Number of protein chains: 2
Amino acid sequence: MAPTHNPNQCPMESILGQIMGPWTPYILWLLSNEESLRFGQLSALIPDISAKVLTDRLRKLEASGLVHRDYQPTVPPTVYYSLTERGAELHDVLQGLNKVALRWDAEDREKQGKSDSEVIAAE
Amino acid sequence: MAPTHNPNQCPMESILGQIMGPWTPYILWLLSNEESLRFGQLSALIPDISAKVLTDRLRKLEASGLVHRDYQPTVPPTVYYSLTERGAELHDVLQGLNKVALRWDAEDREKQGKSDSEVIAAE
DNA sequence: CTCAATACTTACCAAAAGGTAACTACTTGC
DNA sequence: GCAAGTAGTTACCTTTTGGTAAGTATTGAG
């Protein structure tokens with residue numbers, strides 16, 4: 001009892017705890033660009049994530065009230081994931097981050113000079 | 001050789017790899033609100049982080065070119081951390097995220113009703 | 001009677017991350 | 001010559017996380 005400081009002191013820490021971590025913001029960003037995505041579609045869009053981890057991230061986002069899970073008991077079953085109203089409030093932040101990402105990416109390619117032709121040649 | 005797909009396909013993944021992870025965005029946000037912060041100040045602002053992890057995060061941010069490390073060989077030595085120009089480009093995104101965090105925090109407190117008085121009483 | 005398809009869950013093991021305590025450097029003050 | 005103070009580093013150990021493979025449910029197709 002009587003902790004030395006209030007853990008909820010800072011709302012920033014709280015929101016970061018909900019959306020940070022490997023893959024989580026990337027999942028939110030993918031969902032913010034589509035009406036909804038099925039589990040298999042998300043899995044295909046993020047080739048390096050395993051089903052176990054993807055499930056875990058989605059469950060946590062669901063528990064935070066940022067993602068909605070729509071289970072359709074068809075055969076075989078299909079599950080649609082989409083952002084809740086609250087989750088959609090992250091759209092602008094994620095778009096802003098993507099803009100910065102695109103800018104940095106362009107700057108880095110320019111400075112290195114190479115990349116484009118080499119990458120295509122390697123395929 | 002010849003991987004099936006280019007890992008740098010998506011700039012979003014790249015930026016997330018640089019700024020995501022436990023404490024990292026929080027450190028950036030703290031630095032974006034001050035000219036600079038010393039190691040000990042950061043440590044005090046984030047009570048639950050250990051020196052080892054804080055050092056690790058700062059070194060990685062430095063390697064990414066987002067944070068500048070200014071070592072002053074005084075006795076005892078002092079080290080000032082600040083955002084680089086590139087790091088400062090995250091300011092708007094972080095402020096946007098903080099706005100959302102504050103809004104959610106206010107909404108959650110309202111719905112729960114309690115919190116404020118109880119929290120203060122517990123101190 | 002078995003396979004395929006979707007969206008998982010579970011068990012088990014390996015790898016990564018993090019905590020803690022001790023140690024470093026250097027000079028001033030006692 | 002010992003402690004204090006800043007900003008670490010290092011070694012060691014524990015905890016957490018993640019990968020992989022197998023199993024679950026249901027039903028239509030072959």
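In case you missed it, the structure is sitting above this.
All residue numbers here refer to positions counted from 1 along the written sequence of the relevant chain. Going through the entries in the order they are written, you letter the chains from A and number the ligands from 1. Reporting of local features is limited, given that this is a predicted model, to residues whose pLDDT is at least 70; pairs of side-chain atoms are given and counted only at 80 or more, and all residues count toward the totals for whole chains, interfaces and linings. Water and hydrogen atoms were dropped before computing side-chain values, which therefore reflect all heavy atoms in the structure.

Trainee: How do you make sense of the protein's contact with DNA strand C when you look at a structure like this?
Mentor: In this text, near means that some heavy atom of the residue lies within 4 Å of the molecule or strand in question. Taken together, the neighbourhood of DNA strand C is formed by 18 residues, with Thr55(A), Arg69(A), Tyr81(A), Lys52(B) and Arg57(B) sitting nearest. Counting only atoms of DNA strand C within 4 Å of the protein, the sugar-phosphate share comes to 71%. Residue Val79(A) places a main-chain N or O atom 3.3 Å away from a phosphate oxygen belonging to DNA strand C. Numbering goes from the N terminus for both helices and strands, where a helix is a DSSP run of H or I of at least four residues and a strand is a run of E of at least two. Of all elements in the fold, only α3 (39–45), α4 (51–63) and β3 (78–83) of chain A together with α4 (51–63) of chain B reach the threshold of two or more residues within the surface near DNA strand C. Note on residue classes: Ala, Val, Leu, Ile, Met, Phe, Trp, Tyr, Cys and Pro are nonpolar, Asp, Glu, Lys and Arg are charged, and everything else, Gly too, is polar. Residues of the surface near DNA strand C, tallied by class, amount to eight nonpolar, four polar and six charged. We define a polar contact as two N or O atoms separated by no more than 3.5 Å, with the added condition that, inside protein, one atom must be a possible hydrogen donor and the other a possible acceptor, whereas residues neighbouring each other in sequence contribute only through side-chain atom pairs.

Trainee: Sorry if this is basic, but what is going on with the side chain of Asn98(B) here?
Mentor: Here Asn98(B) lies in helix α6 (residues 91–112). Accessible area is worked out with a 1.4 Å probe on protein chains only. A residue is then buried under 20% of its type maximum, exposed over 50%, and partly exposed in between. On the accessibility criterion, Asn98(B) (12% relative accessible area) is buried. Here, residues are in contact when the closest pair of their heavy atoms is within 4.5 Å. With near-sequence residues (within four places) excluded, Asn98(B) lies in contact with Met12(A) and Trp29(B).

Trainee: Before we go on, may I ask you to explain the protein's contact with DNA strand D in this structure?
Mentor: Taken together, 18 residues are adjacent to DNA strand D, and Lys52(A), Arg57(A), Thr55(B), Arg69(B) and Tyr81(B) come closest. Sugar and phosphate atoms form 72% of the subset of DNA strand D atoms that lie within 4 Å of the protein. At a separation of 2.9 Å, a phosphate oxygen of DNA strand D approaches a polar side-chain atom of Arg59(B). Grouping the amino acids of the surface near DNA strand D by side-chain chemistry returns nine nonpolar, four polar and five charged.

Trainee: How do you make sense of the nonpolar core when you look at a structure like this?
Mentor: Most often, soluble globular proteins keep nonpolar side chains buried together rather than apart. Counting residues in each nonpolar core, the largest one holds 62 residues, and the members touching the most others are Met12(A), Ile15(A), Leu90(A), Met12(B), Ile15(B) and Leu90(B). Contacts of Leu90(B), omitting those with residues within four sequence positions, involve Leu97(A), Val100(A), Trp104(A), Ile15(B), Ile19(B), Leu28(B) and Leu66(B). Take the buried residues of types Ala, Val, Leu, Ile, Met, Phe, Trp, Tyr and Cys, join any two whose side-chain atoms come within 4.5 Å, and each joined set is a nonpolar core.

Trainee: Whenever I open this one, unusual backbone geometry confuses me. Can you help?
Mentor: Excluding glycine, residues mostly carry a negative phi; peptide bonds, for their part, are mostly trans. Residue and element names in this part refer to chain A. Cis geometry marks the peptide bond from Val75 to Pro76; its omega dihedral reads -5°. Following the sequence through the fold, Pro76 ends up in the loop between β2 (67–72) and β3. Despite not being glycine, Trp23 has its phi angle at roughly 80°, a positive value. With respect to the helices and strands, the residue Trp23 is situated in the loop between α1 (11–19) and α2 (24–32).

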